[in-house]
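What the coordinates show
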Amino acid sequence: MKFTLSWLKDHLDTDASLDQIVERLTSIGLEVESVDDKAALKPFVIAKVLTANRHPDADKLQVLTVDTGDGKPVQVVCGAPNARAGLIGAFAAPGAYVPGIDVTLSVGKIRGVESHGMMCSERELQLSDEHNGIIDLPADAPVGTSFAAYAHLDDPVIEINLTPNRPDATSVHGIARDLAASGLGTLKGGKVEPVAGDGECPVKVSIEAPELCPGFALRLVRGVKNGPSPKWMQQRLLAIGLRPINALVDITNYVTFDHGRPLHVFDASKVAGNLVVRRGREGDKVLALDGREYALTSEMCVIADDNGVESIAGVMGGEHSGCDENTTDVLIESALWAPLNVARTGRTLGIITDARYRFERGVDPEFMVPGVELATKLVLELCGGQPTRTDVTGYAGHTAKVVSLPLSEVKRLTGIEVPKAESLDILTRLGFGVSGDGDVVEVSVPSWRPDVDGKADLVEEVIRIHGVDNIAPQPLGAHDAVNGKILTTLQIRTRSARRALAVRGMMEAVTWSFIPARHAELFGGGQDSLKLSNPIAADMSDMRPSLLPGLIAAAQRNADRGLGDVALFEVSGTYENDTAEGQRRVASGIRRGTAKLEGSGRNWSGNAGNVGVFDAKADAIAALEACGAPVDRLQIETGAPAWYHPGRSGVIKLGPKVVLGAFGEFHPRTLEGLDVSGPLCGFEVYVDAIPEPKAKPTKTKPKLELSAFQAVKRDFAFVVDKAVEAGTLTRAALAADKKLITGVSVFDVFEGASLGEGKKSIAIEVSIQPVEKTLTDQDFEALAARIVENVKKQTGGALRS
Amino acid sequence: MSDLETLEQSLLSDIASASDEQAVEAVRVAALGKKGSVSEMLKTLGAMSAEERQTKGPAINGLKNRVTDALSARKSELRDVAITARLVAEKIDVTLPVRQSPAERGRIHPISQVIDEIAAIFGDLGFAIAEGPDVETDHYNFTALNFPVGHPAREMHDTFFFPPDQNGERKLLRTHTSPVQIRTMETQKPPIRIVIPGKTYRQDSDATHSPMFHQVEGLVIDKTANIANMKWVLEEFCKAFFEVPSVKMRFRPSFFPFTEPSLEVDIQCDRSRPGEVRFGEGNDWMEILGCGMVHPNVLRHGGLDPDEYQGFAWGMGIDRIAMLKYGMPDLRAFFDADVRWLQHYGFRPLDMPTLFGGLSA
């Protein structure tokens, strides 16, 4: 919402400065977005050409002496055809910035003659496109004074960033009312006097869609002369960014801003028969004032005559019945439209107008008729003519909302005591009616404030005018104890996984939740319910089923910049379906190139090899361990999802059902689909699938039992079928004696012709911890026999000879 | 010269000229071994008369002791030489670089770090952290938050929608973290003190707007919480978060459907230095958050009686306050995963924000 200072002062009697007004507007909730104080026009002064002589070396130039008011004439070289002795115009001295040519003037020589400034055209001052000559002012223009002030171009323009709840402040008058209520002056011009008319309006209105049109006022003014509107009106409209058209149209725009009352004018000679307010029909079309044709539907409200649709109600008028310089009889319309319908129609048709802006917020129903009267008054003043009476259709009148306000509510919600008298005074000044004098008063809401519904709204009115800055901060009641844990298990695990992965040399990425459809499909997603209807870009269309595609794509972007060895992770949401439960919390990471835990690339002490399945496995287990998963009970199995390499991947399970994650290298078709290359591995850990830790009564750790007997290690090498998994073998060895065997590690895996076709050797180191006595040779032999026996039973393997 | 003296000289000379431990050992065996020259002499003592033994005894034993000492001295001398030689041989170039620790290479994204900073501050004020889903219903994102159907305020949210289901209802991506207010009220009785960090989405994209961004919402509901308390909480937060001793904040009346009264908050700052914003000084005002008293309709939608319970809520952009605090110029870079950016603006994994150790290093 834009307006000028002088316009505001038509409605507000105040001595306040521009700065004070701007500050107050912001502090009462009408946030000032920008102020143009017209400083750009300050350098231009009115000056008189004393002499004008032909330039000695140029036919089209003249050398002027110019009186700029200080009695010392200056020499100016000028190319304007209308420059002549005696002309009074706008002069810019050296040092001035001329906006129309984007030049800061300096003393210069033009064809050998010094020029000390410039006589300006309107275009050079960006006042209009006029550039046939320099500005030519009347003879009485005061030489030496500000040109902007003389031409009324120094009127500051204020733009406020209006919140959608304040239709009353879409008008200069409404803004003045708020300022007056805040004590910054007195409101003027509230009452609009009716203009007497003669006879009935000959064009009748019938409302066939009363649910969309709660009122319609119409009046005819005959015998108008529609030329340009006066300069003062044009200047105000130009200042707020509106193009003057003709007096009748300018009046509707002026009243729209002056009183927040959008109007429409029809050229009566172009209206056939009576007007009907109805819903749009199949095939209805209208060429609107913006020169575009719109197709209308039954969801929209139109004003039609015998010719068809003449106007899109509350949004935009039609070109056909618009007013131009030939208009002699004008129909002035002031109507009420259902806000939601105007909003929806405007949105559907893609039309943004000052009328829609006001109607969708809600115009003052009680100003419908005064709006016609105000417009009539202006039409008569500017265009002449004889008005009929105003014909009002369908308006049932306005019943004010009444809200009970316990005055203690102000203190309850704001913490500050505003004296009762002041509270009531503020409400009254804002136009609310107050009755009752007890602790609870009845407040009636003015017709221009549809946003006020309840007592909290009234508290806001009181406090914004009283001054929010007057509320002193008060501590929020403190806890009388040390604060306990505030994070949930999932939140703690999310943080732990992040830190644990970062400690492994990985960098945390935050990638988009929406990814290209083809990427989603590669990772088990892409269902319709997770496709955005209105994605911001075609490749940001589907909610990600996995963090991997985003991370892999990010790694490729880095590789394309020459950084191919990257390790990235993310701990965030993935989407299995569109329910709250379908959003999973996943820790996921990838390594590319040679970005191994210990470092990447070449090094004198040994070059890092390509990343592979075991790098991803180690990351996955580290993430699980950081999240407190029971790492000693995890099972690693084959059968990872299809996007992994089937022979170089695994799933991590807890028991037969709970899948905690997957890891591995990727399927070549996955990488092809993502259009990426290079050694890559990755993992996904479902943080939300890890069981909650069991609650324990104390934090005491189990007692540490240290054996007095020396621990021993024994090595075994087994020859097994190639398909046998090392995990099966180590589990079998461990199970041979759960009491004595404390650990089994694999220290060698070997395949070779010597072992036979389809065989491999797995060498393990078994840690044995005697607990009751030192073991004898016989004890060891018996234990070894049990290990070999169990391994044989579980894997079919035999001790390597 | 007696035989003894001759022998001693010869032995000491052999010891001195022994060039390694083996040679020393050979001398020892030749002198003190079972059949060694000194041992043989000692054996002669038994056949001597008492008188003779009295003079020869000490002489031979003296010889033995001196030879023994000389042997051990030479041995230790040779060992020192050997160690010195070994050390010289073992010298390597210690300027060769070692690999950086993975804990130093890794990085935490600024968003995660700032969320941890926020949690540290509000944890101290007795707030819990609440979360909710990104894919939301129209009810939680709008209706329950007092956005009337078709109201222009809904339109200002530039919402991402999913296709309608068989009932004609369409899910959406939450446009703010406020749905979690309702979800919390539905499951928890007041007093409520929560902050809600999370991802939010709007159809908007330029240097300061991203279709995905992060917000943190705060909610306090009890029977007394008011605007004065809210001002205190927000001022304390801003001081703690920006790590300055004082801040000046300006509260302006504004409008949000889910609060009444509603306020927008500007913070005083100095933007005169390029690429840097200083808080608690300067002549500029910067808008950093919106807040207000929870609208009675929102309390009702959360199942609470607005005449019994009251409270306040606020929301601000995590990315935005992160950009302000750490001087990151472009929001779009947050989601690009450029490792050069992460390396530069990211945080070391062991730099955990705490109040006792300072939020940032």
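Since we're looking at a predicted model, the values are computed, not measured.

1. Regarding the overall build of chain A
Secondary structure summary: chain A contains 19 helices and 42 strands in total. At 42 Å, chain A has a C-alpha radius of gyration far larger than the 28 Å of a compact globule built from 801 residues. Dimensions of chain A along its principal axes, counting C-alpha atoms only, are 125 × 85 × 65 Å. By the burial criterion, 44% of the 801 residues in chain A qualify as buried.

2. A closer look at the UniProt feature "binding site: Mg(2+)" (unreviewed entry) in chain A
Under the UniProt annotation, the feature "binding site: Mg(2+)" (unreviewed entry) is placed at A:Asp451, A:Asp457, A:Glu460 and A:Glu461. Within the fold, A:Asp457 resides in helix H12 (residues 455–466). In this view, A:Asp457 contacts A:Asp451, A:Val452 and B:Glu260; residues no more than four positions away in its chain are not counted. Here A:Glu460 shows up in helix H12. On the basis of neighbour counts, which here come to 28 C-beta atoms within 10 Å, the residue A:Glu460 falls in the buried class. Excluding its chain neighbours within four sequence positions, the residues that come into contact with A:Glu460 are B:Pro253, B:Glu260 and B:Pro261.

3. Structural notes on the environment of A:Cys120
Residue and element names in this part refer to chain A. By the element assignment, Cys 120 lies in the loop between strand E12 (118–119) and helix H3 (147–150). Along the primary structure Cys 120 and Asp 136 are separated by 16 residues, whereas in three dimensions their C-alpha atoms are 9.6 Å apart. Discounting residues that sit within four places of it in the chain, Cys 120 has contacts with Phe 44, Ala 90, Ala 92, Val 98, Leu 125, Ile 134 and Ile 135.

4. Remarks on the interface of chain B and chain A
With 68 residues of chain B at the contact, the number on the chain A side is 79 residues. With seven residues, the single largest contributor to the side of chain B that touches chain A is helix H10 (residues 227–242) of chain B. Of the residues belonging to the side of chain B that touches chain A, the class tally is 39 nonpolar, 15 polar and 14 charged.

5. Brief notes about the confidence of the model for chain B
In this model, chain B carries a mean pLDDT of 91, and residues with pLDDT of at least 70 account for 99%. For this predicted complex, the interface confidence reaches an ipTM of 0.89, while the overall pTM sits at 0.87.

6. Observations concerning the UniProt feature "domain: B5" (unreviewed entry) in chain A
With numbering matched to this structure, UniProt assigns "domain: B5" (unreviewed entry) to residues 398–473 of chain A. Annotated as residues 398–473 of chain A, this span is 38% helix and 17% strand, and its ends, taken at the C-alpha atoms, are 41 Å apart.

7. Looking at the sheet that holds strand E39 (residues 712–721) of chain A
Residue and element names in this part refer to chain A. Spatial ordering of the open sheet is given by E40-E41-E39-E42, a layout of four strands whose pairing is antiparallel. Edge strands, defined here as strands with exactly one partner in the open sheet, are strand E40 (741–750) and strand E42 (798–799). Across the sheet, helix H18 (residues 726–735) is in contact with E39, E40 and strand E41 (759–768); its angle to E40 comes to roughly 145 degrees. Taken strand by strand, helix H19 (residues 777–795) contacts E39, E41 and E42, and its axis lies near 25 degrees from that of E39.

8. Some details on the pairing of strand E37 (residues 658–666) of chain A
Residues and elements named next belong to chain A. Most of E37 is tucked away, with seven of its nine residues classed as buried. Bridge analysis of strand E36 (residues 644–654) against E37 gives seven bridges, and the strand direction is antiparallel. Its bridge partner being in E37, Ile 652 is matched across the sheet by Gly 661. In sequence, E36 turns back onto E37 through a hairpin of three residues, with Gly 655 there showing a positive phi of about 75 degrees. Sheet topology places E37 next to strand E38 (residues 680–686); five bridges connect them, and they run antiparallel.

9. Here we look at the UniProt feature "binding site: Mg(2+)" (unreviewed entry) in chain B
UniProt records the feature "binding site: Mg(2+)" (unreviewed entry) at B:Glu260, using the numbering of this structure. Checked against the element boundaries, B:Glu260 lands in strand E7 (residues 259–270). With sequence-adjacent residues up to four places away left out, B:Glu260 is seen in contact with A:Ala456, A:Asp457, A:Glu460, B:Gly292, B:Met293 and B:His295.

10. Some details on H12(A)
Residues and elements named next belong to chain A. Taking 1.5 Å of rise per residue, twelve residues should cover 16 Å, and H12 covers 16 Å from first to last C-alpha, within 8% of that figure. When you tally the buried positions in H12, you get twelve out of twelve residues, the bulk of the element. Buried within H12 are the following residues: Lys 455, Ala 456, Asp 457, Leu 458, Val 459, Glu 460, Glu 461, Val 462, Ile 463, Arg 464, Ile 465 and His 466. Within two residues after H12, Gly 467 carries a phi angle of roughly 115 degrees, on the positive side.

11. Focus: the domain arrangement of chain A
With domains assigned, chain A is organised as domain 1 (2–38 + 156–187), domain 2 (40–150), domain 3 (205–393), domain 4 (402–469), domain 5 (489–689) and domain 6 (712–799). Placing the centre of domain 1 of chain A and that of domain 5 of chain A at their C-alpha centroids yields a distance of 56 Å.

12. As for unusual backbone geometry
Here the amide bond leading from B:Pro190 into B:Pro191 is cis, since omega sits at 5 degrees, within 30 degrees of zero. Within the secondary structure, B:Pro191 is located in the loop between helix H9 (179–187) and strand E4 (192–201). Of note, the bond from B:Glu260 into B:Pro261 is cis; its omega dihedral lies within 30 degrees of zero at -5 degrees. With a phi angle near 55 degrees, A:Asp102 is a residue other than glycine that sits in the positive phi range. Residue placement: A:Asp102 occurs in the loop between strand E8 (97–98) and strand E9 (103–104). For A:Asp102, a count of 7 C-beta atoms within 10 Å gives the class exposed.

13. A short note on the domain arrangement of chain B
Each assigned domain of chain B is listed with its residue range as follows: domain 1 (3–90) and domain 2 (102–345). Averaged C-alpha coordinates put domain 1 of chain B and domain 2 of chain B at centres separated by 91 Å.

14. Remarks on the environment of B:Gly132
All names here are of chain B. For Gly 132, the position within the fold is in the loop between strand E1 (128–129) and strand E2 (135–136). For Gly 132, a count of 20 C-beta atoms within 10 Å translates into the label buried. Between the C-alpha atoms of Gly 132 and Arg 174, which are 42 residues apart in sequence, the distance is 9.7 Å. Apart from residues lying up to four places away in sequence, Gly 132 is in contact with Pro 179, Val 180, Arg 183 and Gly 198.

15. Structural notes on the packing of H18(A) against H19(A)
The description of two packed helices rests on the angle between their axes and on the distance between the axes. Residues and elements named next belong to chain A. Where H18 meets H19, the axes come as close as 8 Å, and the angle between the chain directions of the two elements is 140 degrees. The pairing of H18 with H19 is recorded here as oblique in orientation. Seen along the crossing, H18 lies across H19 with a hand that is right-handed. Here Thr 728, Leu 729, Ala 732, Ala 733 and Ala 735 of H18 come into contact with H19, specifically with Ile 787, Asn 790, Val 791, Gln 794 and Thr 795. Residue composition of the contact of H18 with H19, grouped by class: six nonpolar, four polar and no charged.

About the thresholds
- Residues numbered from 1 in each chain as written.
- Chains lettered and ligands numbered in written order.
- Predicted model: local features only at pLDDT ≥ 70, side-chain atom pairs only at ≥ 80, totals over all residues.
- Helix = DSSP H or I, 4+ residues; strand = E, 2+ residues; numbered from the N terminus.
- Rg over C-alpha atoms; globule rule 2.2 N^0.38 Å.
- Buried ≥ 20, exposed ≤ 12 C-beta atoms within 10 Å, placed from the backbone.
- UniProt positions renumbered as here; feature names shortened; annotations may be inferred.
- Contact = placed C-beta atoms within 7 Å.
- Nonpolar A, V, L, I, M, F, W, Y, C, P; charged D, E, K, R; others polar.
- pLDDT = per-residue confidence, 0-100.
- Pairing = 2+ DSSP bridges.
- Axes fitted to C-alpha atoms, helices over the stretch in contact; angles between N-to-C directions.
- Expected span 1.5 Å × (residues − 1).
- Domains from an automatic or database assignment.
- Parallel < 35°, antiparallel > 145°, perpendicular 65-115°, else oblique.
- Left-handed = near helix turned anticlockwise from the far one by under 90°.

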